[in-house]
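For reference, the chains in residue letters:
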Amino acid sequence: MFVKVTPRKKGNKTYYYAELVESYREDGKVKHRRIAYFGRVDPETARRLKITFSPDFDSFTNLNKVKYLSAVPYGNFFLIEYCLKQLGMFDYFQYNFVSPDPHITVSTALKGIKAMLFQRLLQPDSKLALLEWLPLTPLKHFLAPGELDLQSLYRSLEVLQANLKHVEEYLYHMAIEQFKEDSKELYYDLTSSYFEGRKCIIAEYGYSRDKRKDRKQIVIGLVTTASGFPLKCKVYPGNRVDKTTVTEMISELQEEFPFQEIVLVGDRGMLTANNVATIEELGHKYVMALPRIQSKKYLKDRDINLKSMRKITTDLYAQFIPGGENQRLLLCLNTQKREEDREYRQFCLQSIQEQLERLNNSLGKNKTITSRDEAMKRVGMILKENFARKYFRVVTVNSSKNPLGFEIQYQLKTAQIEEDEKLDGTFMICSNEQSYEDEKLIQVYKNLSQVERAFKVIKNELDIRPINHYKPVRVEGHVYLCVLAYFITKVIEHIAHQKKLNKSAPKILRELSQIALIEIHLPDGQKKYSLTTMQEEHKEIFKAFQIKNVEIPDVG
């Protein structure tokens, strides 16, 4: 008894029909007698029927003969591979990249870059950890044949760094031409990332946004579109100050890309007379926040009155005020933020007062404080971590009531408190773009949060830090690898948003990791791959990306 499959052609198509038959002899000839008819089947179903009704099959023994050798996450890898193919990233790199190192070809370098890109998106870790992770993944099905070693991964980073011009050309093409991003308004911000080790020559001590003053760092500048698509990245020594990078960045943007006019949007630390002059000399525009100290100068004698301001949203009001030559100043007031600022200030003032009172009451009782110097050191510790310390003047005065002969007195700087309260909830936007109305100007400035979000993804989800490389070219390659990984997450979220799929890229990849690729060895010696059953949420994701069929790798 066995399964007989009969092919039948209809037009240009072939259909398969299966039936269960048994053999018998009649007049010396072998004939088949139908026992059960299965009807039309696809080739895979036909193959499975043949195994099921093979002579050595029974419900107790045959399943034990099937070997399930491995099961690895697959759905998330497949989506990334699908996106890379649709975006043509590695085809573009293969065509344009050159290798500066005779010890590694472009093809091998791209294989290493692709493997590191998958790792950064799914299991961010060191390059050494990548080699241990590879066998636990289906990546062999998405990479060119051949083994990867640690040295080839390092050299791949050097090839990536040597071809940053082509990477940025690709990112520009995808953002502006493929995803139709506006190329006029460009958003620029900086962050820092700390190092392990002290050998990298561009790693320096500087202002740490990671709160790691004990580590050397690099500074990373990133330019994005309004939606957050990355266009250009720049790595600076760790002691580089934000405001000194602006003229260099905008000059490079003008040289490398076909921008007619740029509106450079930056944070308050970038607004200097030199930067403004350079931007205007190059024929471009800027939108930046005014540093707090400059805001005080403009608002010192101004009465901030809601009645004279235009209501933008429920809590946001705005008013243009006189600025410098060819300069527009927009005063913005967030009434909710104003209340929060005042509540927080009051909380901090009260906290310091209570601690100073407790300290004063403990004098003569606390054996660790026996002198004025020790008391003032304790005062310094109270004030150190509290932003309201600037409002206090603290001294020790003689006192016959205290066994130590002194006590602590403080005064509040009420004039300074009143001056700062006036600025609560306010921020000022400065621009030489004359065509933007107040609402447009606020929207453009607030889009700067997209760069901040990009840094958050690169740091927290893609784990750019800590950086362990010491060669500057590898450091830059590592940073750009993270930028490319961020670009993929941005693409995934952009498509999901268009299809009203309210999920982040990490959530999408995490859910798809539940689809596993199983390697099966059948009793007849064949090796096959199969997928675990897809749930509705998986089908919803693939539908959003217009993926009709999750392809299973061929058996090698």
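Here, the structure is the one placed above.
In this report, we go over the structure that sits alongside the text.

## Some details on the overall build of the chain
For step 1, the next point in the chain: Across its full length, the chain holds 19 helices and 17 strands.
For step 2, the next point in the chain: Over its C-alpha trace the chain gives a radius of gyration of 33 Å, far above what one expects of a compact globule, namely 24 Å for 556 residues.
For step 3, the next point in the chain: Its C-alpha atoms give the chain principal-axis dimensions of about 130 × 65 × 55 Å.
For step 4, the next point in the chain: Counting across all 556 residues of the chain, residues that qualify as buried make up 47%.
For step 5, the next point in the chain: For the chain, the proportion of contacts with a sequence separation of at least 24, taken over those separated by at least 6, is 63%.
For step 6, the next point in the chain: Total accessible area on the chain is roughly 29,400 Å²; 48% of this is exposed by carbon and sulfur atoms.
For step 7, the next point in the chain: With 85 positive and 72 negative side-chain charges, the chain shows a spacing of 3 Å between the two charge centroids.

## Quick look at unusual backbone geometry
For step 1, the next point in the chain: For Lys180, which is not glycine, the phi dihedral falls at a positive 55 degrees.
For step 2, the next point in the chain: Looking at Lys180, the relative accessible area reads 65%, which means it is exposed.
For step 3, the next point in the chain: The backbone of Lys211 sits at a positive phi, close to 60 degrees, despite the residue not being glycine.
For step 4, the next point in the chain: With respect to the helices and strands, the residue Lys211 is situated in the loop between β5 (185–194) and β6 (217–224).

## Focus: empty space enclosed by the protein
For step 1, the next point in the chain: Taken as a whole and judged by the stated rule, the model has 1 cavity of 30 Å³ or more.
For step 2, the next point in the chain: Here the largest cavity is characterised by a volume of approximately 50 Å³.
For step 3, the next point in the chain: Taken together, the elements giving at least two residues each to the lining of the largest cavity come down to α16 (449–461) and α17 (472–498).
For step 4, the next point in the chain: Counted by class, the lining of the largest cavity contains 7 nonpolar, 1 polar and 1 charged residues.

## Thoughts on a nonpolar patch on the surface
For step 1, the next point in the chain: There is a patch of nonpolar side chains on the surface, built from Tyr344, Phe347 and Phe387 and spanning about 330 Å² of accessible area.
For step 2, the next point in the chain: Here Phe347 is to be found in helix α12 (residues 335–362).
For step 3, the next point in the chain: The exposure class of Phe347 is exposed, given its relative accessible area of 56%.

## Some details on the environment of Leu517
For step 1, the next point in the chain: Looking at where Leu517 falls in the secondary structure, it is placed in strand β16 (residues 516–521).
For step 2, the next point in the chain: It is 42 Å that separates the C-alpha atoms of Leu517 and Tyr188, two residues lying 329 residues apart in sequence.
For step 3, the next point in the chain: If we ignore the near neighbours within four places in the chain, the residues touching Leu517 are Ser70, Ala71, Val72, Tyr74, Pro138, His141, Tyr529, Ser530, Leu531, Ile552 and Pro553.

## With respect to the side chain of Lys232
For step 1, the next point in the chain: When you line up the elements, Lys232 lands in strand β7 (residues 230–237).
For step 2, the next point in the chain: A relative accessible area of 4% means that Lys232 is categorised as buried.
For step 3, the next point in the chain: Polar contacts involving the side chain of Lys232 include one to the side chain of Glu252, which spans 3.1 Å.
For step 4, the next point in the chain: A polar atom in the side chain of Lys232 sits 3.0 Å from the side chain of Glu256.
For step 5, the next point in the chain: Those residues in contact with Lys232, other than ones at most four positions away along the chain, are Glu168, Gly221, Leu222, Val223, Met249, Glu252, Leu253, Glu256, Phe257 and Tyr480.

## Let's talk about the pairing of strand β17 (residues 527–531)
For step 1, the next point in the chain: Of the pairings in the sheet, the one linking β16 to β17 comprises 5 bridges and is antiparallel in character. Of the residues in β17, the one forming a bridge with His521 is Lys527.
For step 2, the next point in the chain: Between the antiparallel neighbours β16 and β17 lie 5 residues, among them Gly525 with a positive phi of about 95 degrees.

## Examining the packing of helix α4 (residues 89–96) against helix α5 (residues 106–122)
For step 1, the next point in the chain: Packing of α4 against α5 brings their axes to within 10 Å, and their N-to-C directions diverge by 150 degrees. The orientation of α4 with respect to α5, classified from their angle, is roughly antiparallel. The way α4 lies across α5 gives a crossing that is right-handed. Here Met89, Phe90, Phe93 and Gln94 of α4 come into contact with α5, specifically with Val106, Ser107, Leu110, Ile113, Lys114 and Leu117.
For step 2, the next point in the chain: Here the residues of the contact of α4 with α5 are counted per class, giving 7 nonpolar, 2 polar and 1 charged.

## Overview of the sheet that holds strand β10 (residues 310–311)
For step 1, the next point in the chain: Judged by pairing direction, the sheet is mixed, and its 9 strands sit side by side in the order β7-β6-β5-β8-β9-β15-β12-β11-β10 without closing on themselves. Because the sheet does not close on itself, it has two edges, and the strands there are β7 and β10.
For step 2, the next point in the chain: Relative to strand β15 (residues 426–431), strand β12 (residues 328–334) runs antiparallel, the two sharing 6 bridges. Bridge pairing in β15 links Cys332 to Phe427.
For step 3, the next point in the chain: Against the sheet, α12 touches β11 (316–321) and β12, its axis set at about 65 degrees to β12.
For step 4, the next point in the chain: On the sheet, α17 packs against β6 and β7 and is oriented at approximately 155 degrees with respect to β7.

Rules of the game
- Residues numbered from 1 in each chain as written.
- Predicted model: local features only at pLDDT ≥ 70, side-chain atom pairs only at ≥ 80, totals over all residues.
- Heavy atoms only, no water.
- Helix = DSSP H or I, 4+ residues; strand = E, 2+ residues; numbered from the N terminus.
- Rg over C-alpha atoms; globule rule 2.2 N^0.38 Å.
- Buried < 20%, exposed > 50% of the residue type's maximum accessible area, 1.4 Å probe, protein only.
- Contact = heavy atoms within 4.5 Å.
- Areas by Shrake-Rupley, 256 points an atom, 1.4 Å probe, with all protein chains shown as cover.
- Lys, Arg positive; Asp, Glu negative; His and termini not counted.
- Charge placed at Lys NZ, Arg CZ, Asp CG, Glu CD.
- 1 Å grid on protein atoms, 1.4 Å probe; cavity = no way out; pocket = protein on both sides within 12 Å on 5 of 7 lines; lining within 4 Å.
- Points joined across faces, edges and corners; volume = space filled by probe spheres on them.
- Nonpolar A, V, L, I, M, F, W, Y, C, P; charged D, E, K, R; others polar.
- Patch = residues over 30% accessible without salt bridge, like charges linked within 9 Å, V, L, I, M, F, W, Y side chains within 5 Å.
- Salt bridge = Lys/Arg side-chain N within 4 Å of Asp/Glu carboxyl O.
- Polar contact = N/O pair within 3.5 Å; in protein donor to acceptor, adjacent residues only side chain to side chain.
- Pairing = 2+ DSSP bridges.
- Axes fitted to C-alpha atoms, helices over the stretch in contact; angles between N-to-C directions.
- Parallel < 35°, antiparallel > 145°, perpendicular 65-115°, else oblique.
- Left-handed = near helix turned anticlockwise from the far one by under 90°.

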